[in-house]
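# Descriptive structure summary
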Amino acid sequence: MAETPVPKIRRILAPNPSPMTHTGTNTYLLGLHDIAVIDPGPDHNAHFAAILAAVSPSQKITKILVTHSHLDHAPLARRLSTHCGAPIYAYGDSGAGRSAQMIALSEAGTIGGGEGVDYDFQPDITLKDGAVVDHEGQELIAIWTPGHFGNHMAFSWNGALFSGDHVMAWASTMISPPDGDLGAFRRSCTQLQQRRERLYLPGHGDAIDDGPARLHWLLAHRQDRESQIIYHLQGQPNTAQRLVEAIYTDIDPRLIHAATRNVLAHLIDLCERNLATCQGPIDLQAKYSVI
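Overview of the structure. No experiment lies behind these values; they were computed from the predicted model shown.

What follows deals with the sheet that holds strand β5 (residues 60–65). Within the open sheet, the 7 strands sit side by side as β1-β2-β3-β4-β5-β6-β7. Their pairing is mixed. Because the sheet does not close on itself, it has two edges, and the strands there are β1 (3–6) and β7 (125–126). Inspection of the sheet shows strand β3 (residues 26–30) paired to strand β4 (residues 34–38) by 3 bridges, in the antiparallel sense. Note that in β4 the partner of L29 across the bridge is V37. Together, β4, β5 and β6 (88–90) form the strand contacts of helix α2 (residues 76–84), whose direction differs from that of β5 by roughly 150 degrees.

Okay, here's the thing in structure tokens:
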């Protein structure tokens, strides 16, 4: 059943709850006559039927937008596009938007990653940062926000910012290299802080009434985590896994992997900023030291 968080915007919750997706993926329908779908979600028959059922005979899906190409956001886009004839818009395929360092780490194949990536994803229309698409007479603005994923985009329309997995209320942002990039995440947060939108509609969980305040919290949280990592590295080189054991003392065991990926992202970022060094090539078994 479609919910209406604000006028002209409806939300349909995909049936894919999990520790990493919270209550499931939020699919948004924008417009009164021409419908733009943001994040169709996983290729799930019931969710596909729910999206189609939410479109009345007087309405037509004319655009499909994907914030990023994780398996819980993107796969249904192609099936929906084939069914209704609407093009798919996104920043690029699943390799788009990575920094040179993340490309090198991906090619080296030593840090793992690649969790939940839709490697088959390919948009029909690629959007550059700041691209504007007309939708029912209003500007739909694409904002490139790498950090959680290299090809991540947020979308602004009708006063709301669709923040994907970059900004959510229920959890901090997962950053798993080489798809995730902590330096890019911080820069994207700073970019969004310059914008006017306050209402954020995320890829998972409830709406965020004060998006700028949440951005402030996310940046402060990352700074706090960095300080903890530096503290535990002083005087003793250590691995990402050992740092997780020292820092995340009361974590749900199902989230240990995600925590390890986030710590690895911090370690890579510290090395890039010459605040830490790695004993040998960067990988999951390597020991890191502060400078």
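We are not done yet, so read on.
Another aspect to go through is the side chain of E197. If you trace the backbone, E197 turns up in the loop between α4 (182–193) and β12 (199–202). By relative accessible area, which is 9% here, E197 ends up buried. Here S156 takes part through its side chain, which lies 2.5 Å from a polar atom of the side chain of E197. Reaching out from E197, the side chain makes a polar contact with the side chain of R195 at a distance of 2.8 Å. Residues contacting E197, with those up to four places away along its chain left out, are S156, G159, A160, L161 and P212.

Residues I229, V263, L267, I268, I282 and Y288 are the most contacted members of the largest nonpolar core, which totals 22 residues. Mapped onto this core, the elements with two or more residues apiece are α3 (100–108), α5 (211–233), α6 (240–247), α7 (256–272) and β13 (276–278). Per-element accounting of this core gives the leading share, 7 residues, to α7.

Moving on, we get to the sheet that holds β12. Strand order in the open sheet formed by 5 strands is β8-β9-β10-β11-β12, and the pairing between neighbours is mixed. The open sheet has two edge strands, β8 (132–135) and β12, and neither has a second partner. The sheet shows a mean angle of 25 degrees between the axes of neighbouring strands, direction not considered. Sheet analysis places β8 next to strand β9 (residues 138–144), joined by 4 bridges and oriented antiparallel. Bridge pairing links V133 to L140 in β9. Running at roughly 150 degrees to β9, α4 makes contact with β9, β11 (160–164) and β12 of the sheet.

Let us look at the packing of aromatic side chains. Counted by the stated rule, this structure contains 2 aromatic pairs. Where Y28 meets F162, the ring centres are 5.2 Å apart and the plane angle is 65 degrees; that geometry is what we call edge-to-face. One end of the pair, Y28, is in strand β3; the other, F162, is in strand β11, and 134 residues separate them in sequence. With relative accessibility at 3%, the residue Y28 sits in the buried group. Ring centres of Y91 and W144 lie 4.8 Å apart, and the angle between their planes is 0 degrees; on these two criteria the pair is classed as stacked. With Y91 in the loop between β6 and α3 and W144 in strand β9, this pair connects stretches of sequence that are 53 residues apart. Its guanidinium or amino end placed over the ring of F48, R79 lies 4.2 Å from that ring's centre, counting from NZ or CZ.

Thresholds applied
Going along each chain's sequence as written, the residues are numbered from 1 onward. For a predicted model such as this one, the threshold for reporting local features is a pLDDT of at least 70, and the threshold for listing and counting side-chain atom pairs is 80 or more; totals across whole chains, interfaces and linings nevertheless cover every residue. Think of the side-chain values as coming from all heavy atoms in the structure, minus any hydrogens and water. Here, any two strands with at least 2 DSSP bridges between them count as paired. A run of H or I in DSSP counts as a helix once it spans at least four residues, and a run of E counts as a strand once it spans at least two, with each numbered from the N terminus. Contact definition: two residues touch when any of their heavy atoms are within 4.5 Å. Only the contacting stretch of a helix is used when fitting its axis, a line to C-alpha atoms as for every element, and angles between N-to-C directions run 0 to 180 degrees. Summary of the burial criterion: residues with accessible area below 20% of their type's maximum are buried, those above 50% are exposed, and those between are partly exposed, where the area comes from a 1.4 Å probe applied to protein chains only. Throughout this description, a polar contact denotes any pair of N or O atoms lying within 3.5 Å of each other; where both atoms belong to protein, one of them has to be capable of donating a hydrogen while the other can accept it, and for residues adjacent in sequence the pair is counted only when both atoms sit in side chains. Buried Ala, Val, Leu, Ile, Met, Phe, Trp, Tyr and Cys residues form a nonpolar core when they are joined through side-chain atoms within 4.5 Å. Within 6.5 Å between ring centres, the rings of Phe, Tyr and Trp (the latter by its six-membered ring) count as paired, and their orientation is classed by plane angle as stacked under 30 degrees, edge-to-face over 60, tilted in between. Charge over a ring is defined by NZ of Lys or CZ of Arg lying within 6 Å of the ring centre and within 35 degrees of the ring normal.

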